[in-house]
Amino acid sequence: MRNTDRKHSRWGLGAALTSATLSFSLAATVGVAADGSNNDPVRALKTESPIKHVIILIGENRGTDHTFGVYKPKGKGQTISNILSNGIVKEDGSPGANFAKARQFMVTPQPLYYVGAPDKAKTAYAKGGQPQPNTNGAPPAQSMSGAPFPPDFLAELAVLDPSPDFNANTDTILTTGTTMLPPNSLDTRVPGAGMLPNGPFVLQGANLSDDDYTGDMTHRFYQAWQQSDCSLANATKANPTGCLNDLFPFVMATYDLNDAKTPAVQGNFSEGNEMGFYDAEQEQASTLKTLADRFSLSDNFHQSFQGGTGANHFMLGTGDAGFWSDGNGNPIVPPAGQIANPNPVAGTTNKYTADNNFTNCSDFTQPGIAPIVSYLEALPYRPEPNCAEGHYYMVDNTNPGFLPNGFRAPSPATQNMIPPSPVRTIGDALNEKNISWAYFGGSYNDAVVLSNAAVAAGTAATLNSSTALGEAALADPAHSLGVAYCQICNPFQYATSIMGNPAQRAAHIKDTVDLLADIKANTLPAVSFGKPDGLLDGHPSSSKIDLFEAYVQQVLDALEANPKLKADTAVFVTWDEAGGYWDSGFIQPVDFFGDGPRIPLLVLSAYSTGGKVNHSYGDHVSLLKFIERNWKLSPLTDRSRDNLPNPKMRGDQPYVPGNMPALSDLFDMFDFDHAVTQPFLE
Amino acid sequence: MLTGRSTLLCLVLMAIGAAAAAAEEAQYSADIVFRDPSGVETQPHATLHAAHGKIRIETAEAADGYFLIDGEVSSAIFVRPSLRSVMDAKQSSRLTRVFVSTGAADACRRWQSAEVNAGLPAGAAQWRCEQLESLPTQDVGTIEYRVQSAGQLPSERWVSRDLNVPVKIQSSDGTTISLERIRLEAQPPELFIVPPDYRKLDPRAVLERIKHSDVWAEH
């Protein structure tokens, strides 16, 4: 079950098919010419590069060191900054000579929220004293209560979801990975669990691999800033922003710990999960490794927003943050229960007063604002916080004001949904230039059916959309996997201009099934965003990294079967955020909202081959910049992050832009003068 | 009042003719046809089989399986033979709440039971069903009902006295669902049997797992 060839052998690819065979079959089915040419209007659009199609695939919650921490670049002369190259761990994942560089610390109680802990208040965890890995949320056994499903449960999945999100690639690994441990308990599958030393540990052992569900951890905005532990007092030449990334387990252990009154009661069980990583050199996440070996990987790409899913996807689609409004574009104050206050409750170590989703960062007097803004202002390059007056920004997961079918929630304030957003998206910019695009969300079609039912039942007008779709799913088992469609992952579902317009919605918001069909039929838009559903997105606890690999491979298989399309397509594979996983990389704060830790970025195209590792600094907005440069678009707004210049990287500090704040447009990850045709995987 | 009255008459005559040649309990198959107010078919037709107190419906929307309706209790399940699974149909298809074995004069109670079994509110506030008086011009082979159920447009339904199922449903927007091409013939018993090794499945399972993911953003 855990043999190293399991994925490639099990997920037999279409790569072996000859282009001649494929050309013939496509010509027969979609009417293209026998030589493979067609009248794809996308190819007629003028582009700055040979790339005519972009597909951006977004997984959930994996960081760079977590995924590629033990990875040696394949390309000749290539280097990477990770916990292996920095001597923090050895190739087998055990502690290396510089293991202490990754030490994690505790902090004595402070009167107010902080993002840079005073040095004298910090104490390193002793061996075994560091919070240990926990099964938090991971399924304890195969059951009917969700993945992993017993083998016969595959029947249910196929019944529930006719979409290709579930297929031969995924059904087998959906049955595996149970913890066989009690919920919220010490994860004894991790070798040494209970007495792990202070630092990162490998998620590998006799009963643990990348095919196992592991415990999740909280990953929210104020927690993430605090975990990064940024202070100019810590700045060095190689780390001029002074982010030490050394409070990861501590913040998880304390932000919800009511230790003054009931010390034994903890609100979450993230504990030490932040420090887990996979060993790519020992065939963990082997599909991703193979792609890195053959194509290009960035080791200086970052989540654009500190914290979680919704805000990072929003930034990916807009280069900006969403804010609470009256639904007509005017900022207003959200209900008090939506406003965050990360200041500690008196008498606790670090328990947040109100762990809520919106914050007005233009107001220094509001809780949590001054520590971050003061830090930004102290940075030598003085990044603008980019906080407009009176705007309460969405910093944590909040469902859009539109349901998947376009229904507009009438009472967002009471439904815990954000009113429809006026923030301009990359979709709006592409529309203005008549450049085709689409967002393909797994299980979206089912979600629309459930939304229609929720509207008919009246629950869409009163309940949060997650709850409303959940109730509809119980009434309509045939479409119940619509609950796995990720609403907060779709930045366009927030936008009035897209979601509030039936024609726009129909043209641009689609399902995974449509992505695969478009690839096959030569109707792929110029710009495509692909997001798997909640069972396949790779999120710890509710999914696994190999399930996301299977999703990626499914898309690549389809592309492999269309060589002409593949030839001018760039596939970007990345994640929404690191999910709370610790990372050793440099962080460049560019405004109040981020950046955050590194996440992997794989660039797959004929022009980005050779196992190269790129060090130019980038984040999600770099993907927008690529699109804008390739199709000659302007920055989205005068405040969006895509206005930032490309970084001027220096030889002596290869990870620190010389002109901060700066974000790469990723063009330097390609060699457009040399196309190399090779299979994605074999 | 009716559109396509002649069509209805033909349907009823076919049904009566078929029933006349049938045994005491009719066994038959038919097509379920969906039309807009102008009579144009709006989607692929479904197929209905009836025998042994059960009705089986096969639809294009769920091509890999079929719905089974138990006439006695007006409950429906969805069966997928290739995957050896069975699940409560609930509200996955409106057809399972309409094509129940109504009994000659018991239609309202059976339909109401089907609504309840599907998880729909069918109390006094949500449910209206009444048998209409026959018009002199109306064929005596059917009984006409007017039905108002939760979340659905009001409809009029004509139930065949001999087949004990509706042969036409006309919603207030003019769309119709009708039973056409009725074929009176013995039905293989296996069409109505769920093999004992099939698993009963519950969608609440997936919902509980998703609540552990970032997809679920309730607060």
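Scoring rules and cut-offs
Residues numbered from 1 in each chain as written. Chains lettered and ligands numbered in written order. Predicted model: local features only at pLDDT ≥ 70, side-chain atom pairs only at ≥ 80, totals over all residues. Helix = DSSP H or I, 4+ residues; strand = E, 2+ residues; numbered from the N terminus. Buried ≥ 20, exposed ≤ 12 C-beta atoms within 10 Å, placed from the backbone. Contact = placed C-beta atoms within 7 Å. Pairing = 2+ DSSP bridges. Axes fitted to C-alpha atoms, helices over the stretch in contact; angles between N-to-C directions. Parallel < 35°, antiparallel > 145°, perpendicular 65-115°, else oblique. Left-handed = near helix turned anticlockwise from the far one by under 90°. Nonpolar A, V, L, I, M, F, W, Y, C, P; charged D, E, K, R; others polar. pLDDT = per-residue confidence, 0-100.

## Section: the overall build of chain B
Here comes step 1: Tallying secondary structure elements over chain B gives four helices and twelve strands in all.
Here comes step 2: Going through the 219 residues of chain B one by one, you find that 44% of them count as buried.
Here comes step 3: Looking at chain B alone, contacts between residues at least 24 apart form 49% of all its contacts between residues at least 6 apart.

## Quick look at the overall build of chain A
Here comes step 1: Along its length, chain A carries 20 helices and 18 strands.
Here comes step 2: A sequence separation of at least 24 residues applies to 75% of the contacts in chain A between residues at least 6 apart.

## Some remarks on helix H20 (residues 620–630) of chain A
Residue and element names in this part refer to chain A.
Here comes step 1: For H20, the buried fraction is high: ten of the eleven residues fall into the buried class.
Here comes step 2: Among the structural elements, strand E1 (53–59), helix H9 (309–318), helix H12 (426–432), strand E14 (527–531), strand E15 (569–575) and strand E18 (618–619) are those in contact with the buried residues of H20.
Here comes step 3: Looking at the residues trailing H20, positive phi occurs at Lys 632, about 60°.

## Observations regarding helix H3 (residues 107–117) of chain B
In an α-helix there are 3.6 residues to a turn, and that puts residues three or four apart on one side.
Here comes step 1: Turning to H3(B), its buried residues are B:Ala107, B:Arg110, B:Trp111, B:Gln112, B:Ala114, B:Glu115 and B:Asn117.
Here comes step 2: In the segment just after H3(B), B:Gly119 is the residue with positive phi, at about 90°.

## Looking at the sheet that holds E1(A)
Residue and element names in this part refer to chain A.
Here comes step 1: Read from one edge of the open sheet, eight strands run E13-E12-E14-E1-E15-E16-E6-E17, paired in mixed fashion. In this open sheet, the two edge strands, each paired with only one partner strand, are strand E13 (509–511) and strand E17 (612–614). For this sheet the average axis-to-axis angle between neighbouring strands, irrespective of direction, equals 20°.
Here comes step 2: Examined bridge by bridge, E15 and strand E16 (residues 601–604) share four bridges and lie antiparallel to one another. Paired with Phe 572 across the strands is Val 603, a residue of E16.

## Concerning the pairing of strand E1 (residues 28–35) of chain B
Here comes step 1: As judged from the five bridges shared by E1(B) and strand E2 (residues 46–51) of chain B, these two strands associate in the antiparallel manner. Looking at E2(B), one finds that B:Tyr28 is bridged to B:Ala50.

## Some points on the pairing of E15(A)
Here comes step 1: For E15(A), the tally of buried residues reaches seven of seven residues, placing the bulk of the element in the interior.
Here comes step 2: Neither face of E15(A) is open: one carries A:Thr569, A:Val571, A:Val573 and A:Trp575, the other A:Ala570, A:Phe572 and A:Thr574, and all of them are buried.

## Side note on unusual backbone geometry
Here comes step 1: Between A:Gly594 and the following residue, A:Asp595, the backbone shows a cis peptide bond with an omega angle of 10°.
Here comes step 2: Within the secondary structure, A:Asp595 sits in the loop between E15 and E16.
Here comes step 3: Residue A:Met660 is joined to A:Pro661 through a cis peptide bond whose omega torsion reads -5°.
Here comes step 4: At B:Asn164, a residue that is not glycine, the phi angle is positive and equals roughly 60°.
Here comes step 5: Within the secondary structure layout, B:Asn164 lies in the loop between strand E9 (155–160) and strand E10 (166–171).

## Points about the environment of A:Ala141
Here comes step 1: Tracing the backbone shows A:Ala141 in the loop between strand E3 (122–124) and helix H4 (153–160).
Here comes step 2: Setting aside anything within four residues of it in sequence, one finds A:Ala141 in contact with A:Thr178 and A:Met180.

## Overview of the packing of H9(A) against H20(A)
Residue and element names in this part refer to chain A.
Here comes step 1: With their axes 7 Å apart at the nearest point, H9 and H20 run at an angle of 20° to one another. Put simply, H9 runs roughly parallel to H20. Pair H9 / H20 crosses with right-handed handedness. Residue-level contacts link Asn 312, Met 315 and Leu 316 of H9 to His 620, Val 621 and Leu 623 of H20.
Here comes step 2: Split by residue class, the contact of H9 with H20 holds four nonpolar, two polar and no charged.

## Remarks on the confidence of the model for chain A
All names here are of chain A.
Here comes step 1: Chain-level statistics for chain A give a pLDDT mean of 89 and a share of 88% at 70 or above.
Here comes step 2: Low confidence marks residues 1–37, where pLDDT is under 50. Its contacts with residues over four positions away, or in another chain, come to 46 contacts.
Here comes step 3: In this model residues 152–164 is a low-confidence stretch, pLDDT under 50, and it forms 42 contacts with partners more than four residues away in sequence or in other chains.

## A short note on the confidence of the model for chain B
Residues and elements named next belong to chain B.
Here comes step 1: Taken as a whole, chain B shows an average pLDDT of 81; of its residues, 79% reach a score of 70 or greater.
Here comes step 2: Least confident of the elements in chain B is helix H1 (residues 5–20), whose mean pLDDT is 46; most confident is E1, at 97.
Here comes step 3: This stretch, residues 1–24, has a pLDDT under 50; its non-local contacts, to residues over four places away or in other chains, come to 35 contacts.
Here comes step 4: Here the predicted complex carries an ipTM of 0.84, next to a pTM of 0.84.

## Structural notes on the environment of A:Pro182
Residue and element names in this part refer to chain A.
Here comes step 1: Its location among the elements puts Pro 182 in the loop between helix H5 (168–171) and strand E4 (201–202).
Here comes step 2: According to the C-beta neighbour criterion, Pro 182 is exposed, with 9 such atoms within 10 Å.
Here comes step 3: Taking the C-alpha atoms as reference, Pro 182 lies 9.4 Å from Asn 136; in sequence the two are 46 residues apart.

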